[in-house]
Amino acid sequence: MPRIIIGDEPLTIDDVVVIARHGALLDLSAAAWQRVREARTVVDTLAGSDTPHYGVSTGFGALATTHIPPDRRAQLQRSLVRSHAAGSGQEVEDEVTRAMMAIRIQSLATGYTGIRPETLQTYIDVLNAGIVPVVQEYGSLGCSGDLSPLAHCALALMGEGRVRLNGAELSAADALAECGIAAVELTEKEGLALINGTDGMLAMACLAIADLRVLLDTADLATAMSVDALLGTDAAFAPELIALRPQVGQQKSAAQITEFMADSEIRASHKDIDDGIVQDAYSLRCAPQVTGAARDTLDFATTIATRELSAAIDNPVIYDGQIASNGNFHGAPVGYILDFLAIACADLASICERRTDRLLDTKRSHGLPPFLAHEVGVDSGMMIAQYTSAGIVSELKRLAAPASVDSIPSSAMQEDHVSMGWAAGRKLRRVIDGLTRVIGIEILCAARGLQLRAPLAPSPSASRVIDALATAGVAGPGPDRFLSHDIDIAVTLVASGAALAAGRKENI
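All chains use their own residue numbering, which begins from 1 and follows the written sequence. Side-chain atom pairs in this predicted model are given and counted only at pLDDT of 80 or more, local residue features only at pLDDT of at least 70, and totals for whole chains, interfaces and linings cover all residues. Side-chain metrics in this entry use all non-hydrogen atoms of the structure; hydrogen atoms and water are not considered.

**Some details on the domain arrangement of the protein chain**
What counts is decided by this rule: The split into domains, and so the bounds of each, comes from an automatic or database assignment of domains. Buried area: the sum, over both parts, of the accessible surface (1.4 Å probe) that disappears when the two are put together.
If you check the domain split of the protein chain, you get domain 1 (3-196) and domain 2 (205-271 + 280-312 + 348-408 + 439-504). Placing the centre of domain 1 and that of domain 2 at their C-alpha centroids yields a distance of 42 Å. In total, about 1,100 Å² of surface goes out of reach between domain 1 and domain 2, with carbon and sulfur atoms giving 69% of it. For the domain 1 face of the interface with domain 2, the top three residues by lost area are Ile13, Val17 and Arg21, together amounting to 43%.

Okay, structure coming up:
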């Protein structure tokens, strides 16, 4: 497995993805270990002081004024983690938990949290061993960090709770024993350091950004195939026209759509007739504007996520030899971009579905058979594929309602404004899944439309996508068959990046 050294430079989004999805191993630089040791010395000094210090010798949240004597502080840390591991609902995906753990390790390695080196080493060992704490979907309000999800991870370090190892669920104690890892006994400040961060919502943001890099390019490919199958024009995508509106994302999408349509016999067959005359429907002509706006939103989200990956999120923090309370754990910056991405994805899915519907309607498809059916009246063709796409789009519109505007107070009004960033991340994952399916269905329908234009051939890019579908098991036009099977194949090709790779003539 690749090994990523953190501590001198922040984790990148790509680092997070390779750790979360491909099992990359983590280690810390020598400088990072030195920072951790120095910060811990400060905590140990404060712990011996008669002056109360939040997180070291006091209770938490609304109980911050309660002084805790030295002989009760280990129990305080255990109680904090146990009580905050209060998740409920469906289990969170392993990739989210692994990404969250990696980001928390990075924050702990900054030297601002005051954790002991041995506790941090245990966290690294657990991640590298492939132990994945069972984290549940509900529990985080996204303000004092993703408290509950991170507490489930911290609980595993203590040898408590449930985890997964090689896909099997077992007790944390058994998993640690099987991997030769000793459970930790938490001391002053460590409970807070382990659970106070935006790591869960940021983990989902990083994974979403990685997925959308592929999906937005694939949406351009699907657009090119649909425009060509519908005898549309690429004239509106000309660089000189697109340059009149200097939006960066729009320019990239227009260029890609044009490239994916290049050398199409179908386009050439009507080029002299419609250039300068035809105004295609908005779902075709305005595709670069919509996908391009999603690109610009993704770029902004990438900027915010990259900044957050370089942050030291904890409260209180060890700073300049002292301990200082702060509000950097509030998830608003990440919650906003998660909501922005959900809005962009929902709208992008909407325009994809409109092109799919156009391919099936004889009044708008310029000569294609009704619903792309083989024997009209006997066969339904792709009719219900559009229903599936429309149903998904309807759900995505509901999921696009932002979570980050819905604050709800907690902790006896101490935490009286929260970000709901975790909730924004959870729904964005469902939105991205839906968008993937909508794009897959568009590609499936556009491929059939292009095949029905024979003997005219589509562009080489589209031809390779059609070949990839065929190789994976999607037959060409013909009598009705089990359509869900074909949809699943198309969705898998989109999600894996194989459809885009075929369009670009690349290996994945």
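Additional details are given in the paragraphs that follow.
**Observations concerning the sheet that holds strand S4 (residues 131-133)**
Test applied: Whether two strands pair comes down to DSSP finding at least two bridges between them. Secondary structure counts use DSSP, requiring at least four H or I residues in a row for a helix and at least two E residues in a row for a strand, with both numbered from the N terminus. Lines fitted to the C-alpha atoms define the axes, with helices restricted to the stretch that makes contact. Angles between their N-to-C directions range from 0 to 180 degrees.
The sheet built from three strands is open, its strands ordered S4-S6-S7 with antiparallel pairing. Edge positions in the sheet fall to S4 and strand S7 (168-171), since each of these pairs with one other strand and no more. Looking at each pair of strands side by side, their axes are set apart by 40 degrees on average, direction ignored. Pairing geometry for S4 and strand S6 (residues 162-165), over three bridges, is antiparallel. Pairing of isoleucine 131 across the sheet is with leucine 165, part of S6.

**What about the pattern of salt bridges?**
Rules: In the sections that follow, a salt bridge refers to a side-chain nitrogen of Lys or Arg positioned within 4 Å of a carboxyl oxygen of Asp or Glu. Residue burial is assigned from relative accessible area. The probe radius is 1.4 Å, only protein chains are included, and a residue is buried under 20% of its type maximum, exposed over 50%, and partly exposed in between.
Per the counting criterion, the structure on display carries 32 salt bridges. Here arginine 213 ties to aspartate 14 by a salt bridge, and the two come within 2.7 Å at their closest N and O atoms. Residue arginine 213 is located in helix H9 (residues 199-229), and its partner aspartate 14 is located in helix H1 (residues 13-22); the two are separated by 199 residues in the primary sequence. Judged by relative accessible area, aspartate 14 falls into the partly exposed class, the value being 47%. Members of the salt-bridge network, linked through shared partners, are Arg21, Glu93, Glu95, Glu137, Asp211, Arg426 and Arg429.

**Here we look at the packing of helix H15 (residues 287-309) against helix H16 (residues 332-360)**
Test applied: The labels follow the angle: roughly parallel below 35 degrees, roughly antiparallel above 145, roughly perpendicular from 65 to 115, and oblique for the rest. By the definition used in this description, the sense in which the near helix is turned from the far one sets the handedness, with an anticlockwise turn below a right angle giving left-handed and a clockwise turn giving right-handed. The contact criterion used is simple: two residues touch if any of their non-hydrogen atoms lie within 4.5 Å. Each residue is assigned to one class: nonpolar for Ala, Val, Leu, Ile, Met, Phe, Trp, Tyr, Cys and Pro, charged for Asp, Glu, Lys and Arg, and polar for all the others, Gly among them.
Two numbers describe how H15 lies on H16: the axes approach to 9 Å, and their chain directions differ by 160 degrees. In terms of orientation, H15 and H16 fall into the roughly antiparallel class. Along this stretch, H15 crosses H16, giving a crossing that reads as left-handed. Side by side, H15 and H16 meet where Ala287, Val290, Thr291, Ala294, Thr297, Leu298, Phe300, Ala301, Ile304, Ala305 and Glu308 of the first sit next to Pro333, Val334, Ile337, Phe340, Leu341, Ala344, Asp347, Leu348, Ile351 and Arg355 of the second. For the contact of H15 with H16, a count of residues per class yields 16 nonpolar, two polar and three charged.

**Quick word on the pairing of strand S2 (residues 25-28)**
To keep it simple, the criterion reads: Orienting the strands away from the viewer, one traces the path from the first strand over the helix to the second; a clockwise path indicates a right-handed crossover.
For strand S1 (residues 3-6) and S2, the ladder comprises four bridges, and the chain directions are parallel. The residue bridging isoleucine 6 from the neighbouring strand is leucine 28, located in S2. One crossover worth recording links S1 to the parallel S2 by way of H1, and it is right-handed.

**Things to note about a nonpolar patch on the surface**
This is how it is decided: Residues qualify for a patch when their relative accessible area is over 30% and they have no salt bridge, like charges being joined within 9 Å and the nonpolar side chains of Val, Leu, Ile, Met, Phe, Trp and Tyr within 5 Å. Using a 1.4 Å probe, accessible areas were evaluated by the Shrake-Rupley method; residue-level cover was limited to the displayed protein chains.
Together, Phe300, Tyr336, Phe340 and Ile343 give the surface a local cluster of nonpolar side chains, amounting to about 380 Å² of exposed area. Ranked by residues supplied to the nonpolar patch, first place goes to H16 with three residues. Along the polypeptide, phenylalanine 300 turns up in helix H15. For phenylalanine 300, a relative accessible area of 41% puts it in the partly exposed group.

**Quick notes on the nonpolar core**
What counts is decided by this rule: Put simply, buried Ala, Val, Leu, Ile, Met, Phe, Trp, Tyr and Cys residues joined by side-chain atoms within 4.5 Å make one nonpolar core.
Among the nonpolar cores identified, the biggest contains 154 residues, and Leu26 and Leu120 are the most heavily contacted of them. Here the element with the most residues in this core is H9; it accounts for 20 residues. Residue assignment places this core across two domains, with domain 1 (3-196) and domain 2 (205-271 + 280-312 + 348-408 + 439-504) each supplying three or more. Ala39, Val42, Leu46 and Val56 belong to the second-largest nonpolar core, a separate cluster that totals eight residues.

**Structural notes on H9**
As a reminder of what qualifies: How far a helix is expected to stretch is found by multiplying one less than its residue total by 1.5 Å. In this scheme, the bend at a residue equals the angle between the axes fitted to the seven residues that finish there and the seven that begin there.
With 31 residues, H9 extends 44 Å between its outermost C-alpha atoms, agreeing within 8% with the 45 Å of an ideal straight helix rising 1.5 Å per residue. Along H9, the sharpest change in direction is near 25 degrees and occurs at leucine 212. By the criterion of burial, H9 is predominantly enclosed, with 28 of the 31 residues buried. Within two residues after H9, leucine 231 carries a phi angle of roughly 55 degrees, on the positive side.

**Examining the environment of glutamate 137**
With respect to the helices and strands, glutamate 137 occurs in strand S5 (residues 136-138). Judged by relative accessible area, glutamate 137 falls into the buried class, the value being 19%. Separated by 45 residues in sequence, glutamate 137 and valine 92 place their C-alpha atoms 5.7 Å apart. Residues contacting glutamate 137, with those up to four places away along its chain left out, are Ser88, Gly89, Gln90, Val92, Trp422 and Arg426.

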